[in-house]
Amino acid sequence: TLRIPFELIADDTEWDLERLRDAYLEPFSGLASPPELRRAVAAANIIAGVTRALKWAPIVAALEPPHRWEDAVPIRLRALLAD
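Residues numbered from 1 in each chain as written. Predicted model: local features only at pLDDT ≥ 70, side-chain atom pairs only at ≥ 80, totals over all residues. Heavy atoms only, no water.

**Topic: the pattern of salt bridges**
Line of reasoning, step 1. Scanning the entire structure with this criterion turns up four salt bridges.
Line of reasoning, step 2. One continuous salt-bridge network, built from bridges that share partners, spans Arg 3, Glu 7 and Arg 52. (Salt bridge = Lys/Arg side-chain N within 4 Å of Asp/Glu carboxyl O.)

**Side note on the layout of surface pockets**
Line of reasoning, step 1. A volume near 550 Å³ is recorded for the largest pocket.
Line of reasoning, step 2. Leu 2, Arg 3, Phe 6, Val 41 and Asn 45 are the residues nearest the centre of the largest pocket, which is lined by 22 residues in total.
Line of reasoning, step 3. Looking at the lining of the largest pocket, the elements that each hand over two or more residues are α1 (3-9), α2 (17-25) and α3 (34-62).
Line of reasoning, step 4. When grouped by side-chain class, the residues that make up the lining of the largest pocket number eleven nonpolar, three polar and eight charged. (1 Å grid on protein atoms, 1.4 Å probe; cavity = no way out; pocket = protein on both sides within 12 Å on 5 of 7 lines; lining within 4 Å. Points joined across faces, edges and corners; volume = space filled by probe spheres on them. Helix = DSSP H or I, 4+ residues; strand = E, 2+ residues; numbered from the N terminus. Nonpolar A, V, L, I, M, F, W, Y, C, P; charged D, E, K, R; others polar.)

**Section: a nonpolar patch on the surface**
Line of reasoning, step 1. Taken together, the side chains of Tyr 24, Phe 28 and Leu 31 define a hydrophobic patch exposed on the protein surface, amounting to about 320 Å² of accessible area.
Line of reasoning, step 2. Relative to the helices and strands, Tyr 24 is located in helix α2. (Patch = residues over 30% accessible without salt bridge, like charges linked within 9 Å, V, L, I, M, F, W, Y side chains within 5 Å. Areas by Shrake-Rupley, 256 points an atom, 1.4 Å probe, with all protein chains shown as cover.)

**Topic: the environment of Tyr 24**
Line of reasoning, step 1. Given a relative accessible area of 35%, Tyr 24 falls into the partly exposed group.
Line of reasoning, step 2. Each C-alpha atom of the pair Tyr 24 and Leu 2 lies 8.7 Å from the other, and the pair is 22 residues apart in sequence.
Line of reasoning, step 3. Sequence-distant contacts of Tyr 24, defined by excluding residues within four places in its chain, comprise Thr 1 and Leu 2. (Buried < 20%, exposed > 50% of the residue type's maximum accessible area, 1.4 Å probe, protein only. Contact = heavy atoms within 4.5 Å.)

**Quick word on the environment of Ser 29**
Line of reasoning, step 1. Mapped onto the elements of the fold, Ser 29 is located in the loop between α2 and α3.
Line of reasoning, step 2. Note: C-alpha distance between Ser 29 and Leu 54 (25 residues apart in sequence) is 31 Å.

**Here we look at unusual backbone geometry**
Line of reasoning, step 1. Cis rather than trans, the peptide bond between Pro 65 and Pro 66 has omega equal to -5°.
Line of reasoning, step 2. Residue position: Pro 66 is located in the loop between α3 and α4 (72-82).

**Some words on the confidence of the model for the chain**
Line of reasoning, step 1. Averaged over all residues, the pLDDT of the chain equals 90, while 100% of them reach at least 70.
Line of reasoning, step 2. The secondary structure element of the chain with the lowest average pLDDT is α1, at 85, and the one with the highest is α2, at 94. (pLDDT = per-residue confidence, 0-100.)

Here you go:
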């Protein structure tokens, strides 16, 4: 659930993403140590990137070209590779 909001605010220099991540993880602190939770977020972020690309593929395939979402899958795959 963090990937999309983090993508939206990543370029905003006023937001501290690490602090936001840690605040999000705080309720889970009884389940694992902070380093373990941070590693889980990193792994989940990769999985979220894959699922975003896969989610868009059938949507884009069903639309008649040209349309504004033609690059939706490549954009998401490039973001995943950048991670």
